[in-house]
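Examination of the molecular architecture
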Amino acid sequence: MLGLNLATPLRREAGASLLRRGSKLRALPCQATQAVVPSAMEAAQPERLILGIESSCDDTGAAVISSHGRVLGEALAGQADLHAPWGGVVPSLAREAHQAAIDRVVEDTLVSAGKGMQDLDAVAVTVGPGLSMCLKVGVVKARGLAAKHGLPLVKVHHMEAHALVSRLHAPVPFPFLCLLVSGGHNLLLLAHGVGNYTLLGTTVDDAMGEAFDKVARLLGLDLKPNGGAALEKFARKGDPNRFKFTVPLRQQANCNFSFAGLKTAISIAIQKEGLQVPSAAAAAGGASLDSEAASKPAPDDGVAGGAVSPAAAAAATADGASAAGGTAAALTPTPAADGGAEKQSAAESSQPSPSQPSMDVTADADGSKARQTRADIAASFQRVAVQHLLDRCKRGVDWARDHHPDLKRFVIAGGVACNRSVRSSFGDLAEALGLELTIPDPHFCTDNGAMVAWAGLERFNLGLFEGPPQSITDDDAYQDVKPRWPLTNISDSRGLPKSSRGLRIKRLHTSLTELTAAAMADTTAKKARGEAAESDAQAPAVACGS
């Protein structure tokens, strides 16, 4: 029966999963009561174990997964409390936190899995997109482990990891339609196979998670754990039909997204209602990005975004970025440096001063009426934002079926996929369109090591890995890092935006889809040459002169 499949981590190995938030570490009970026993075909294959490492933005994650679909152990160190006073992710602080946490996170992961490095078959690591100085921490750790223990290294694209993690928890064969939506990206993709994607739609301005964060700041909400979660919680107290905001892009027959105009409508409504929100004027913008934080990526490049540079941490110019996974951007205006994502400015190395933190105005002294108005604005914004996603994805299903007429599967992933309204609304849409919808458990929607390990395993099984590194120098690590790494260079021509922040950013790296196609072609050619040589060697000798 087609319908909603909210994939839950039923295939985790019984044991403890370790989650570290800030400086605290707590054990999470693993929900392994079903589907742990592998199929007969799986059982006949040798079980492979992969260690995955994630450090692209503000979460240090690691996990060990098996080729039988079991999460044997995982650990995660979050940085929400660290960055909250600045209103966004500060790259230099994030790097220091990753460096402080990475060894313990990997150690905790192996302990919780009951495995040692000698038990592993490969190490997978996120190499992009993301903040280069943060990515480097994970890459250095992964390269060091792979070199020391003689293990293959699998380089993982952060957005592909989000797209593929649904296959860890539920049977999701290719092809499938995939919506990746969070603080730094809005991508509607057709997934033909591992490393093979067609872009149907992208954002022409803000990503949805970015818009949630900015509206949360406009409403003066407490941004912990992130603006998106705060707004969703606050919206439950409001009337979603009180404010009649316009659904974006309804006059454009494509699959692209836009949230900047809706954000502006919220700002106007707040002013019109005479609401006094702390720092609301400054919050209307986001953080301008300095050279490192230009990891605010081209949304269509699939780059996790939203960093706030130390130079811009206390301030923001109009229209910057919120952090991937829903962390908010900075609050007060100041110019930011303009440069490439792979350069580190002197400003980034300095320690910033925190901006005035947002206040939770749900407890403001200006009366319950103002509080209710804010809640109504939040609820109305969320309703329209979700409706915008539904509109574009409904057309996306038609486009995807032009490529694959029998398409029946739809995956939603990324931090915004945690939103209850998104999950329930898309469940209804999937049922109406005859689709099986898979949304990972919220824990696996946000950044984590298990998604990297699983994507690494999928690529490892196709031979898409490198041998053990021969060097672990800083230069080697930076060569591996891809802060702006497009997921695909292939787009449906009907969906190309005429003007997009993403399209204006120069591509710094060959897309994952191009690299995968080239690697697969090379593997096929080598295999053919090997089979030909073996055939020649086995052929009977022909007598000379016969």
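Residues numbered from 1 in each chain as written. Predicted model: local features only at pLDDT ≥ 70, side-chain atom pairs only at ≥ 80, totals over all residues. Heavy atoms only, no water.

**Here's the deal with the overall build of the chain**
Just so we agree on the cut-off: Each helix is a run of H or I in the DSSP string that is no shorter than four residues. Each strand is a run of E no shorter than two, and both are numbered from the N terminus. Partly exposed describes any residue whose relative accessible area lies between the buried limit of under 20% and the exposed limit of over 50%, with all areas from a 1.4 Å probe on protein chains only and scaled to the type maximum. Here, residues are in contact when the closest pair of their heavy atoms is within 4.5 Å. Only the protein chains shown count as cover for residues, with accessible areas throughout obtained via the Shrake-Rupley method and a probe of 1.4 Å.
Counting its regular elements, the chain contains 18 helices and 13 strands. Split into buried and exposed, the 546 residues of the chain put 60% on the buried side. A fraction of 77% describes how many contacts in the chain between residues 6 or more apart in sequence connect residues 24 or more apart. A total of about 21,000 Å² of accessible surface is found on the chain, and carbon and sulfur atoms cover 53% of it.

**Here's the deal with the packing of aromatic side chains**
This is how the line gets drawn: Two aromatic rings, drawn from Phe, Tyr or Trp (for Trp, its six-membered ring), form a pair once their centres lie within 6.5 Å of each other, and the interplanar angle then sorts them: stacked below 30 degrees, edge-to-face above 60, tilted otherwise. The rule for a charge over a ring is simple: NZ of Lys or CZ of Arg within 6 Å of the ring centre, and within 35 degrees of the ring normal.
Applying the stated criterion across every chain yields a total of 5 aromatic pairs. Centroid distance F410 to F426: 5.9 Å. Interplanar angle 70°. Geometry classified as edge-to-face. Here F410, found in strand 12 (residues 409–413), pairs with F426, found in helix 13 (residues 420–433); they are 16 residues apart in sequence, far enough to count as distant. Of the two residues, F410 and F426, both sit in the buried class. We note K482 situated over the ring of W485; from NZ or CZ to the ring centre the distance is 5.4 Å.

**Examining the environment of V154**
Tracing the backbone through its elements, the reader meets V154 in strand 8 (residues 153–157). What makes V154 buried here is its relative accessible area of 0%. Sequence separation between V154 and G467 is 313 residues, and the spatial gap between their C-alpha atoms is 8.9 Å. With residues near it in sequence (within four places) discarded, V154 still touches A122, V123, A124, V125, G456, R459, F460, L464 and F465.

**Considering the nonpolar core**
Soluble, globular proteins show a tendency: their nonpolar side chains are buried together. Applied cut-off: For the purposes of this section, nonpolar cores are sets of buried Ala, Val, Leu, Ile, Met, Phe, Trp, Tyr and Cys residues that join through side-chain atoms within 4.5 Å.
Ranked by size, the top nonpolar core spans 66 residues in total, and within it L51, I53 and L180 carry the most contacts. Per-element tally for this core: the top contributor is helix 15 (residues 449–461), with 8 residues. Setting aside chain neighbours within four positions, we find L51 in contact with A62, A63, V64, V106, T109, M117, L120, A122, V123, A124, L145 and A453. With 58 residues, the next largest nonpolar core counts L188, V215, V416 and L429 among its residues.

**Considering the confidence of the model for the chain**
This is how the line gets drawn: For every residue, the pLDDT score states the predictor's confidence, bounded by 0 at the bottom and 100 at the top.
Summary statistics for the chain give a mean pLDDT of 78 and a share of 69% for residues scoring 70 or more. The low-confidence segment residues 355–363, where pLDDT is below 50, has 26 contacts with residues more than four positions distant or belonging to other chains. Every residue in residues 542–546 is under pLDDT 50, and counting partners more than four places away or in other chains gives 0 contacts.

**Structural notes on the pattern of salt bridges**
Working definition: two side chains of opposite charge can pair if their charged atoms are close together. Just so we agree on the cut-off: We define a salt bridge as a side-chain nitrogen of Lys or Arg found within 4 Å of a carboxyl oxygen belonging to Asp or Glu.
One pass over the structure, following the stated rule, counts 18 salt bridges. A salt bridge links R494 to D402, with the shortest nitrogen-to-oxygen separation between them at 2.9 Å. Taken as a pair, R494 in the loop between helix 16 (474–480) and helix 17 (501–504) and D402 in helix 12 (residues 368–403) lie far apart in primary sequence, 92 residues in all. Residue R494 pairs with D492 through a salt bridge whose shortest N-O separation is 2.8 Å. Taking relative accessible area as the criterion, R494 reaches 37% and is therefore assigned partly exposed. Connected through salt bridges with shared partners, the residues R143, K155, E466 and D480 form a single ionic network.

**Some words on the environment of P173**
Position of P173 among the secondary structure elements: in the loop between helix 6 (166–169) and strand 9 (176–181). For P173, a relative accessible area of 39% gives the class partly exposed. Expressed as a C-alpha distance, the spacing of P173 and R409, which sit 236 residues apart in the sequence, is 8.1 Å. The residues touching P173, leaving out its near neighbours within four places in the chain, are R167 and R409.

**Considerations on the pairing of strand 13 (residues 436–439)**
What counts here: When DSSP finds two or more bridges between two strands, those strands count as paired. A crossover counts as right-handed when, viewed with the strands pointing away from the observer, the path leading from the first strand over the helix to the second turns clockwise.
Pairing between strand 12 and strand 13: 3 bridges, direction parallel. When the sheet's bridge partners are listed, F410 is paired in strand 13 with L437. What joins strand 12 to strand 13 is helix 13, and the crossover it makes is right-handed.

**Section: the pairing of strand 6 (residues 71–78)**
Within strand 6, 8 of the 8 residues are buried, which leaves it mostly tucked inside the rest of the structure. Taken together, the 7 bridges between strand 5 (residues 59–66) and strand 6 define a ladder with antiparallel strand orientation. Bridge pairing in strand 6 places G61 opposite L76. Counted between consecutive antiparallel strands, the loop separating strand 5 from strand 6 contains 4 residues, among which G69 sits at a positive phi close to 85°.

**Thoughts on the state of the cysteines**
Cysteine pairs can be linked by a disulfide, which is a covalent bond between their two sulfur atoms. What counts is decided by this rule: Any cysteine sulfur atom paired with another within 2.5 Å is treated as part of a disulfide.
Evaluation of the coordinates by the stated rule reveals 0 disulfides. For the unlinked cysteine C255, the closest cysteine sulfur is that of C393, found at 7.8 Å. The exposure class assigned to C255 is buried, which follows from its relative accessible area of 0%.

**Here we look at the packing of helix 7 (residues 208–218) against helix 9 (residues 260–272)**
Here is the rule: Here, axes are lines fitted to C-alpha atoms. For helices the fit covers the stretch in contact, and angles between N-to-C directions go from 0 to 180 degrees. Small angles under 35 degrees read as roughly parallel and large ones over 145 as roughly antiparallel, with 65 to 115 read as roughly perpendicular and the rest as oblique. Basically, the charged four are Asp, Glu, Lys and Arg, the nonpolar ten are Ala, Val, Leu, Ile, Met, Phe, Trp, Tyr, Cys and Pro, and anything else, Gly included, counts as polar.
Direction vectors running N to C along helix 7 and helix 9 enclose 10°, while the axes themselves pass 10 Å from each other. Compared by their axis directions, helix 7 and helix 9 come out roughly parallel. Within the contact between the two elements, helix 7 uses K214, V215 and L218 and helix 9 uses K263, I266, S267 and I270. Residue classes in the contact of helix 7 with helix 9 are distributed as 4 nonpolar, 1 polar and 2 charged.

**Here we look at the side chain of D205**
Within the element layout of this structure, D205 appears in the loop between strand 11 (196–202) and helix 7. Given a relative accessible area of 13%, D205 falls into the buried group.

**Here's the deal with unusual backbone geometry**
The linkage connecting G128 with the following residue, P129, adopts the cis geometry, with an omega of -10°. Relative to the helices and strands, P129 resides in the loop between strand 7 (122–128) and helix 4 (132–149). Residue P175 is reached from F174 by a cis peptide bond, and omega for that bond is -5°. If you trace the backbone, P175 turns up in the loop between helix 6 and strand 9. Despite not being glycine, L249 shows a phi value in the positive range, around 60°. Take L249: it is sitting in the loop between helix 8 (227–235) and helix 9. On the accessibility criterion, L249 (18% relative accessible area) is buried.

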